[in-house]
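Okay, here's what each chain looks like letter by letter:
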Amino acid sequence: MVPEAEVQDVLAELQRLRARVPLLSGALAASTDGLILAHDTPGMEAEGVAALTAAALGVAIRMADATGRGGFRELLVRGETGYIATYAAGSSAILTLLAEDRINVGRLHLEGRRAGARIGELIDTAMERAAHPAPPARAPEQPTPQPGPLPRRT
């Protein structure tokens with residue numbers, strides 16, 4: 001799916017995001033069908049969260065379409081003790097952030113949108129490279145030997 005180098009870049013972006021926004025308790029990037037690409041979710045079952053996010057994404061896409069609001073951009077769920085925010089990350093991935101209830105929601109959106117855009121670029125570029133691999137490198141051409149004088153019989 002996504003090469004390991006890009007997965008490591010995505011994980012590094014998630015870790016930088018959590019360092020910038022201390023009230024985030026978890027962050028994960030997943031494909032739109034719920035497969036985890038990278039996560040930084042201590043003490044949480046990331047696979048379950050990714051699968052639930054994909055299900056919620058399906059409903060959000062249909063709701064946005066049915067109401068004429070355009071393509072999916074983000075989804076925010078507020079619970080008694082915090083927030084779950086999901087952002088589009090390119091054409092084939094999503095970013096889900098788990099935040100404490102004291103978080104500044106404007107900052108959550110600002111940082112989540114920026115990180116989603118960066119992660120989307122990483123993943124979309126990797127997917128494009130995988131779909132259209134570069135042609136194999138050609139070996140350098142060897143010079144053809146030039147014929148020398150013919151041997152003479154004496």
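From a predicted model like this one, the values you see are computed outputs, not experimental measurements.

(A) Spatial organisation of the pairing of strand S4 (residues 82–89). With six of its eight residues buried, S4 lies for the most part within the structure. Relative to S4, strand S3 (residues 74–79) is paired through six bridges, and the arrangement is antiparallel. For Val-77, the partnering residue across the bridge sits in S4 and is Ile-84. Connecting the antiparallel pair S3 and S4 is a turn made up of two residues. Of the strand pairs in this sheet, S4 and strand S5 (residues 93–100) are connected by eight bridges, and their pairing is antiparallel. Each residue of the ladder has a partner; that of Thr-86, found in S5, is Thr-96. Counting the residues in the hairpin turn of S4 and S5 gives three residues, including Gly-90, whose phi is positive at 75°.

(B) Spotlight on the side chain of Thr-86. Examined against the element boundaries, Thr-86 turns out to sit in strand S4. Accessibility expressed as a relative area gives 4% for Thr-86, which makes it buried. Polar side-chain contacts of Thr-86 include one of 3.2 Å to the side chain of Thr-96. Here Thr-86 is in contact with Thr-53, Phe-72, Arg-73, Glu-74, Leu-75, Ile-94, Leu-95 and Thr-96, once residues within four sequence places are set aside.

(C) Seen up close, the sheet that holds S3. Ordered by their spatial adjacency, five strands build an open sheet running S2-S1-S5-S4-S3, and the pairing between neighbours is antiparallel. In the strand order of this sheet, the two ends are held by strand S2 (36–40) and S3, each with one partner. Taken over all neighbouring pairs, the strand axes of this sheet differ in orientation by 10° on average, direction set aside. Bridge analysis of strand S1 (residues 24–31) against S2 gives four bridges, and the strand direction is antiparallel. By the bridge assignment, Ala-29 is partnered in S2 with Ala-38. Packed on one face of the sheet, helix H1 (residues 4–20) meets S1, S2 and S5 and runs near 30° to S2.

(D) Quick peek at helix H2 (residues 46–66). Counted at 1.5 Å a residue, the expected span for H2 with its 21 residues is 30 Å, and the 30 Å between its end C-alpha atoms agrees. Inspection of H2 places Ala-46, Val-49, Ala-50, Thr-53, Ala-54, Leu-57, Ala-60 and Ala-64 among the buried residues, and these make up the whole buried set. Taken down its axis, H2 places every buried residue within 140° of arc, on the same side. Facing away from the buried side of H2 by more than 90 degrees, the exposed set consists of Leu-52, Val-59, Arg-62, Met-63 and Ala-66.

(E) Focus on the pairing of S5. Across the eight residues that make up S5, a large majority, seven, are buried. Bridge analysis of S1 against S5 gives seven bridges, and the strand direction is antiparallel. Residue pairing across strands places Gly-26 opposite Leu-98, the latter belonging to S5.

(F) Expanded view of the environment of Tyr-83. Inspection of the secondary structure assignment puts Tyr-83 in strand S4. Taking the relative accessible area as the measure of exposure, Tyr-83 reaches 11% and is therefore buried. Residues Tyr-83 and Glu-100, spaced 17 residues apart in sequence, show a C-alpha to C-alpha distance of 6.4 Å. For Tyr-83, the contacting residues outside a window of four places in its chain are Leu-76, Val-77, Arg-78, Leu-97, Leu-98, Ala-99, Glu-100, Asp-101, Ile-103, Val-105 and Leu-108. A distance of 3.4 Å separates polar atoms of two side chains, one belonging to Tyr-83 and the other to Arg-78.

Cut-off values and rules
- Residues numbered from 1 in each chain as written.
- Predicted model: local features only at pLDDT ≥ 70, side-chain atom pairs only at ≥ 80, totals over all residues.
- Heavy atoms only, no water.
- Buried < 20%, exposed > 50% of the residue type's maximum accessible area, 1.4 Å probe, protein only.
- Helix = DSSP H or I, 4+ residues; strand = E, 2+ residues; numbered from the N terminus.
- Pairing = 2+ DSSP bridges.
- Polar contact = N/O pair within 3.5 Å; in protein donor to acceptor, adjacent residues only side chain to side chain.
- Contact = heavy atoms within 4.5 Å.
- Axes fitted to C-alpha atoms, helices over the stretch in contact; angles between N-to-C directions.
- Expected span 1.5 Å × (residues − 1).
- Arc of directions from axis to C-beta.

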